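# Structural features, examined
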Amino acid sequence: MMTMRSVCLLALLPVLVAACAEPAAVPAVRTASVTADAETTAVKTSDDAADDPAIWRNAANPAASLIVGTDKKAGLYVYDLAGKVRHFIDAGRVNNVDLVDTPQGVIVAASDRSDEANAHIALFRLDTQAARLIPIGRVPAGAGEAYGMCLWATPTGSAITAFIVMKDGTIRQIELDTASATGRTVRTMKLATQSEGCVVDPRTARLYVAEEDVGIWRWDARASGPVRPVKLAGVDGKRLVADVEGLAIAADGAGNGGWLVASSQGDNAYAVYRLADDRFVGRFRIAAGTFGSTQETDGIAVMTGDFGAGFGGGLMVAQDGENVPTQNFKLVGWAKVKAALRLP
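The present account deals with the structure reproduced in this document. Everything numeric in this text was worked out from a predicted model, so none of it was measured.

A separate point is the pairing of strand 1 (residues 32-35). The two faces of strand 1 differ: A32 and V34 on one face are buried, but S33 and T35 on the other face are not. Inspection of the sheet shows strand 1 paired to strand 22 (residues 279-287) by 4 bridges, in the parallel sense. Note on strand 22: the bridge partner recorded for S33 is R285.

With that settled, the discussion passes to the side chain of H87. When you line up the elements, H87 lands in strand 6 (residues 85-90). For H87, a relative accessible area of 8% translates into the label buried. Side-chain polar atoms of H87 contact the side chain of R132, separated by 3.2 Å. At 3.0 Å, the side chain of H87 forms a polar contact with the backbone nitrogen of L133.

Right, let's talk about the state of the cysteines for a bit. What we call a disulfide is simply a covalent bond connecting the sulfur atoms of a pair of cysteines. For the structure shown, the criterion picks out 1 disulfide. Bridging C150 to C198, the disulfide has an S-S length of 2.3 Å. Between C150 and C198, the S-S dihedral sits near -120°, and the bridge is therefore left-handed. Taken as a pair, C150 in strand 11 (residues 146-153) and C198 in strand 15 (residues 195-201) lie far apart in primary sequence, 48 residues in all. Among the residues examined, C198 registers a relative accessible area of 7% and is labelled buried.

What follows concerns the pattern of salt bridges. A complete count under the given rule lists 15 salt bridges for this structure. Ionic pairing is found between K72 and D51, a salt bridge with its closest N-O pair at 3.2 Å. Highlighted residues: K72 in the loop between strand 4 (66-71) and strand 5 (75-80) and D51 in strand 3 (residues 50-56), separated in sequence by 21 residues. We classify D51 as buried; its relative accessible area is 1%. Of the charged contacts in the structure, one is a salt bridge between E145 and R113, with a shortest N-O distance of 2.8 Å. Taken as a pair, E145 in the loop between strand 10 (132-143) and strand 11 and R113 in the loop between strand 8 (105-112) and strand 9 (118-127) lie far apart in primary sequence, 32 residues in all. Exposure remark for E145: the relative accessible area of 14% places this residue in the buried category. For R113, a relative accessible area of 9% translates into the label buried.

Next up on the list: the packing of aromatic side chains. The final tally for this structure, using the stated rule, is 5 aromatic pairs. Measuring from ring centre to ring centre gives 5.5 Å for Y77 and Y79, while their planes differ by 15°; the resulting arrangement is stacked. The class for Y77 is buried, based on a relative accessible area of 5%. Given the relative accessible area of 0%, Y79 is considered buried. Connected via pairs of aromatic rings, a cluster forms that spans Y77, Y79, F88 and F329. Here the guanidinium or amino end of R57 rests over the ring plane of F307, the centre of that ring lying 6.0 Å away.

All right, on to the sheet that holds strand 3 then. With antiparallel pairing, 4 strands are arranged side by side in an open sheet as 3-4-5-6. The two strands at the open ends of the sheet, each matched to only one other strand, are strand 3 and strand 6. Pairs of neighbouring strands in the sheet enclose a mean axial angle of 20°, with direction left out of account. Judged from the 5 bridges that link them, strand 5 and strand 6 form a sheet pairing that is antiparallel. From the neighbouring strand, G75 faces strand 6, where its bridge partner is D90.

What counts and what doesn't
- Residues numbered from 1 in each chain as written.
- Predicted model: local features only at pLDDT ≥ 70, side-chain atom pairs only at ≥ 80, totals over all residues.
- Heavy atoms only, no water.
- Buried < 20%, exposed > 50% of the residue type's maximum accessible area, 1.4 Å probe, protein only.
- Helix = DSSP H or I, 4+ residues; strand = E, 2+ residues; numbered from the N terminus.
- Pairing = 2+ DSSP bridges.
- Polar contact = N/O pair within 3.5 Å; in protein donor to acceptor, adjacent residues only side chain to side chain.
- Disulfide = S-S within 2.5 Å.
- Salt bridge = Lys/Arg side-chain N within 4 Å of Asp/Glu carboxyl O.
- Phe/Tyr/Trp six-rings, centres within 6.5 Å; stacked < 30°, edge-to-face > 60°.
- Lys NZ or Arg CZ within 6 Å of the ring centre and 35° of its normal.
- Axes fitted to C-alpha atoms, helices over the stretch in contact; angles between N-to-C directions.

What follows is the structure, encoded as structure tokens:
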């Protein structure tokens, strides 16, 4: 005869079996692969040196576009689309770099951590015909070690705003006067832990910042916007693996179309999110082909549009943390990434 105790034990049996069973495997997230179409000459210093790229597109002659990249132990390089060095300038310990094309010319800014206790913004003008950087000056950016850097130019190009990310997660929004090489801090935000990569979508005035071990955050980039961010994506070990490093916007159209690309440095991959709704749409790696694969990518840059032969559908540039003999940057046609991820 079955007693009440027997019934209770039978009821508990599935629970006990489940508790003793091996945990279910976490489904893997599909990671596509693409290969690089070109690579830059390696930076001249060794170990952890190359860091972040920025792209200038020559609308009149897309094949003559340029890439600016940092050697964070030495200065800034200007490369052509074949990866050849066109210019190098000794700019000291510059970490991240960005540029904006304005009616006054192409302005380049780099986070300068030559003085780790006091951040600066190193300003340059890019002579696009000579492919050379012309120093403008250094703008004080407050206490702390300069790390991340991204620029935002208003639609008219009359105002340039720099967002400089300190190593401790402090973010200062600085309005720049490039004529006098001065700046005015108009807003300060804060993330809890080490942060670096940032990018602004000028179409929507949205700022995105990567907190390395936590995830990606989004702000209204306007100085009047709230200082509290929205969390776009978290480090989950599947879609996004710490450290989260570089961020880039692949714009599609005049509205909020396109994608946010993030360097998932912890597993040598890149995660992609749809800008319209922050939805994760896929991830990919740059695998070995004619050129090597990329590992431990710090900075990335993406620009859509025609860049001439091989890059007619846009260009992605990614730092390669393990290139031999020293670090460099890999160039990938953006159309390859879209095809691999089946993006519209």
